[in-house]
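Letter by letter, the chains look like this.
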Amino acid sequence: MKNLPVMVPCVLCLAIFFARPTASATTLRADITHVDSGRGFTKRELLSRMAARSTARAASLGASAQAATAPVASGGSEYLVHLGIGTPSQQAVALVLDTGSDLIWTQCACTASTCYQQALPVYKPSASGTFGTVSCTDPICGPKGGLQNYGCSKDNLCRYGYSYGDKSFTIGTIVEDTFAFKGSAVPSIRFGCGMKNGGRFTPNESGIAGFGRGPLSLPSQLDVNRFSYCFTTIGDQGSSPVFLGTPDNLGANAQSTPFAPTPASGGTSSFYYLSLQGVSVGKTLLPLTASGSGGSGGPIIDSGTSVTIFPEAVFQSLREAFVSQVPLPVADASASPIPGMLCFSTAKAADPKNVPVPKLILHLEGADWDIPRENYLLEVEDDKGTAGALLCVVILSAGDLDMTIIGNFQQQNTHIVYDLQANKMNFAPASCDQL
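Keep in mind the model is a prediction, meaning the values are calculated, not measured.

All right, on to the nonpolar core then. Leu47, Ile301, Phe310, Leu318, Phe322, Trp369 and Met425 are the most contacted members of the largest nonpolar core, which totals 88 residues. Looking at which element gives the most residues to this core, the answer is helix α3 (residues 312–325), with five residues. Counting residues in each nonpolar core, the second largest holds 18 residues, with Ala94, Leu103, Ile174 and Ile208 among its members.

Below you can see the structure in the form of structure tokens.
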């Protein structure tokens, strides 16, 4: 097998229902739930968990951006997709939804010593009547098929290997089987039968469902021209929808921005890059250098990063703009739930929910994304547990990394369409739980 590259999974918790489409003629739907939904965390705990996953994912994305081959980054799951594999009985799997990678894979035919622990039973190929192998002479088994690390087993089967920026990995065989969604089944989906897997995976994850640009991703195999999602408020117990083959009409308030080309240096072909031309905090237009607009690692629109991340220089400018325009004292660093995150003390505020705050607008090519207040500010407990004692700006610094990532906290209650055919992103405000 060739040397394993650094690869990155982007992430989402889902329950999908759709049938085999003919091109993009049919709209397919999947329901998603956030990994922390309904688990009883306080807002401070939620924010801490989101920040930890975002930091880990950014580090993995940064590592992948420096790799010479198409990669995938890990960092803990955000949303999982629940579906079944095989016939006549369906074997349940829960796959991380990842817009930053292409390969679909699940733990398969492995033992306790070769796989990480998972809550669901491991997929057994022998229990399926529609399971099939893929020869190493198949066009899919190689770079043209989207595999950068591949090889041939002694029985002429296509082998693969992915190594992640955080040292997570999966090694196995490319196979095919029927994927079952609610009320429907899709035959001959190609995916990885991961026989040796380890690293930053949790027991509620069976593997990963890639939603990237390559031929092995789920949108590509379903032959849809576009897909979309709409995240309900993080912390709610309700589900969020994902659509494949989304209709064009998002309503009168829809905007669109073209996807930017993959950077010639340090870019990853599976990612969805945007052209960020500026950031406004109220009356202040932040100065953006080449680094601030994304650098070698972005800007990326990402389902698998919780909190938006800016390069350190941009983050500091953003911090200064908020401090100068929010009429509240900056909280002590010891009270903040996240080191380096800007939080204000609401102790002297008559009504923290109505404190005047500046708007946050991302100026994209052809569109101004006016981020709703609740998508960048969060009232959280202080270090003594006092409810609503802090008003935190939910944005992080990339530290030493030269990258910008637009995270899913900033995407809440926004219907976001990845139009693959027109190579653009459409978006509009939405009540996601009503779609």
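Let us keep going from here.
What follows deals with the pattern of salt bridges. All chains considered together, the criterion is met by five salt bridges. The partner of Asp419 in a salt bridge is Arg226, with the nearest N and O atoms 3.8 Å apart. Residue Asp419 is found in strand β27 (residues 414–419), and its partner Arg226 is found in strand β13 (residues 226–230); the two are separated by 193 residues along the sequence. Comparing Asp419 with Arg226 shows no difference in burial state: the two are buried. Across the pair Lys359 and Asp370 runs a salt bridge whose closest N-O atoms are separated by 2.9 Å. Of the two residues, Lys359 is situated in the loop between β20 (343–345) and β21 (360–364) and Asp370 in strand β22 (residues 367–371); the sequence distance between them amounts to 11 residues. Among the residues examined, Asp370 registers a relative accessible area of 35% and is labelled partly exposed. Ionic contacts of the salt-bridge type, sharing partners, join the residues Asp138, Glu176 and Arg190 into one network.

One open sheet holds the three strands; their spatial order is β20-β24-β23, and the pairing between them is antiparallel. Looking at which strands have only one partner, the edges of the open sheet turn out to be β20 and β23 (377–380). Shown here is a sheet whose adjacent strand axes are inclined to one another by a mean of 25°, direction ignored. Two strands pair when backbone bridges link them, and β20 and strand β24 (residues 390–393) are joined in this way by three bridges, in the antiparallel orientation. Its bridge partner lying in β24, Phe344 is registered against Leu391.

On to the confidence of the model for the chain, then. Residues with a pLDDT of 70 or more make up 85% of the chain, whose mean pLDDT is 83. Between residues 1–24, whose pLDDT stays under 50, and residues either more than four places distant or in other chains, the model counts 157 contacts. With pLDDT under 50 throughout, residues 65–76 is counted as low confidence; its partners more than four residues away or in other chains account for 53 contacts.

A few words now on the state of the cysteines. Taken as a whole and judged by the stated rule, the model has six disulfides. There is a disulfide in this structure between Cys110 and Cys115, and the S-S distance comes to 1.8 Å. Note on the Cys110 and Cys115 pair: the S-S dihedral is about -120°, so by sign convention the disulfide is left-handed. Comparing Cys110 with Cys115, the two get one shared label, buried. Across the chain, the disulfide pattern expressed with sequentially numbered bonded cysteines is 1-8, 2-3, 4-6, 5-7, 9-12, 10-11.

For strand β6 (residues 105–107) and strand β11 (residues 184–198), the ladder comprises three bridges, and the chain directions are parallel. When the bridges of β11 are listed, Trp105 appears paired with Gly192. Pairing of strand β10 (residues 169–181) with β11 involves 12 bridges; the strand directions are antiparallel. For Gly172, the partnering residue across the bridge sits in β11 and is Gly194.

What follows deals with the environment of Ser135. By secondary structure assignment, the location of Ser135 is in the loop between β7 (132–133) and β8 (150–152). The spatial distance from the C-alpha of Ser135 to the C-alpha of Ser153 is 9.2 Å, given a sequence separation of 18 residues. Not counting residues within four places of it along the chain, the set of residues in contact with Ser135 comprises Cys141, Asn156 and Cys158. Looking at Ser135, its side chain comes within polar contact range of the side chain of Thr137, at 2.8 Å.

Alternating residues of strand β12 (residues 207–210) divide into Gly207 and Ala209 and Ile208 and Gly210, and every residue in both groups is buried. In this sheet, β12 lies alongside strand β5 (residues 91–98) in parallel orientation, the contact comprising four bridges. Residue pairing for β12: Asp98 is matched across the bridge by Gly210. Across two bridges, the pairing between β6 and β12 is antiparallel. Bridged to Thr106 within β12 is Gly207.

Before going further, it helps to examine the sheet that holds β22. Overall, antiparallel pairing links the four strands, which are arranged β17-β16-β21-β22 in an open sheet. The outermost strands of the open sheet, each flanked by one partner alone, are β17 (284–285) and β22. Along the sheet, α3 contacts β16 (276–281), β17 and β21; its crossing angle with β16, the most-contacted strand, is approximately 25°.

What follows concerns the packing of aromatic side chains. Summed over all chains, the structure comprises 16 aromatic pairs. Among the aromatic residues, ring-to-ring pairing joins Phe211, Phe227, Tyr229, Phe231, Phe259, Tyr272 and Tyr418 into one connected group. Taking NZ or CZ as reference, Arg213 lies 5.1 Å from the ring centre of Phe259, over its face.

As a further point, take the side chain of Ser240. Tracing the sequence through the fold places Ser240 in strand β14 (residues 240–244). One polar contact links the side chain of Ser240 to the main-chain amide nitrogen of Thr232, over a distance of 2.9 Å. Beyond its immediate chain neighbours, meaning those up to four positions away, Ser240 contacts Ala30, Asp31, Ile32, Cys230, Phe231 and Thr232.

Moving on: α3. End to end, α3 covers 20 Å across 14 residues, agreeing with the expected 20 Å (1.5 Å per residue, within 8%). Restricting attention to buried positions, one finds in α3 the residues Val314, Phe315, Ser317, Leu318, Ala321, Phe322 and Gln325. Seen from one end, α3 has its buried residues packed into an arc of 165°, which puts them on one side. Summarising the geometry of α3, the exposed residues directed more than 90 degrees from the buried face are Ala313, Glu320 and Ser324.

About the thresholds
Residues numbered from 1 in each chain as written. Predicted model: local features only at pLDDT ≥ 70, side-chain atom pairs only at ≥ 80, totals over all residues. Heavy atoms only, no water. Core = buried A, V, L, I, M, F, W, Y, C linked by side-chain atoms within 4.5 Å. Buried < 20%, exposed > 50% of the residue type's maximum accessible area, 1.4 Å probe, protein only. Helix = DSSP H or I, 4+ residues; strand = E, 2+ residues; numbered from the N terminus. Salt bridge = Lys/Arg side-chain N within 4 Å of Asp/Glu carboxyl O. Pairing = 2+ DSSP bridges. Axes fitted to C-alpha atoms, helices over the stretch in contact; angles between N-to-C directions. pLDDT = per-residue confidence, 0-100. Contact = heavy atoms within 4.5 Å. Disulfide = S-S within 2.5 Å. Polar contact = N/O pair within 3.5 Å; in protein donor to acceptor, adjacent residues only side chain to side chain. Phe/Tyr/Trp six-rings, centres within 6.5 Å; stacked < 30°, edge-to-face > 60°. Lys NZ or Arg CZ within 6 Å of the ring centre and 35° of its normal. Expected span 1.5 Å × (residues − 1). Arc of directions from axis to C-beta.

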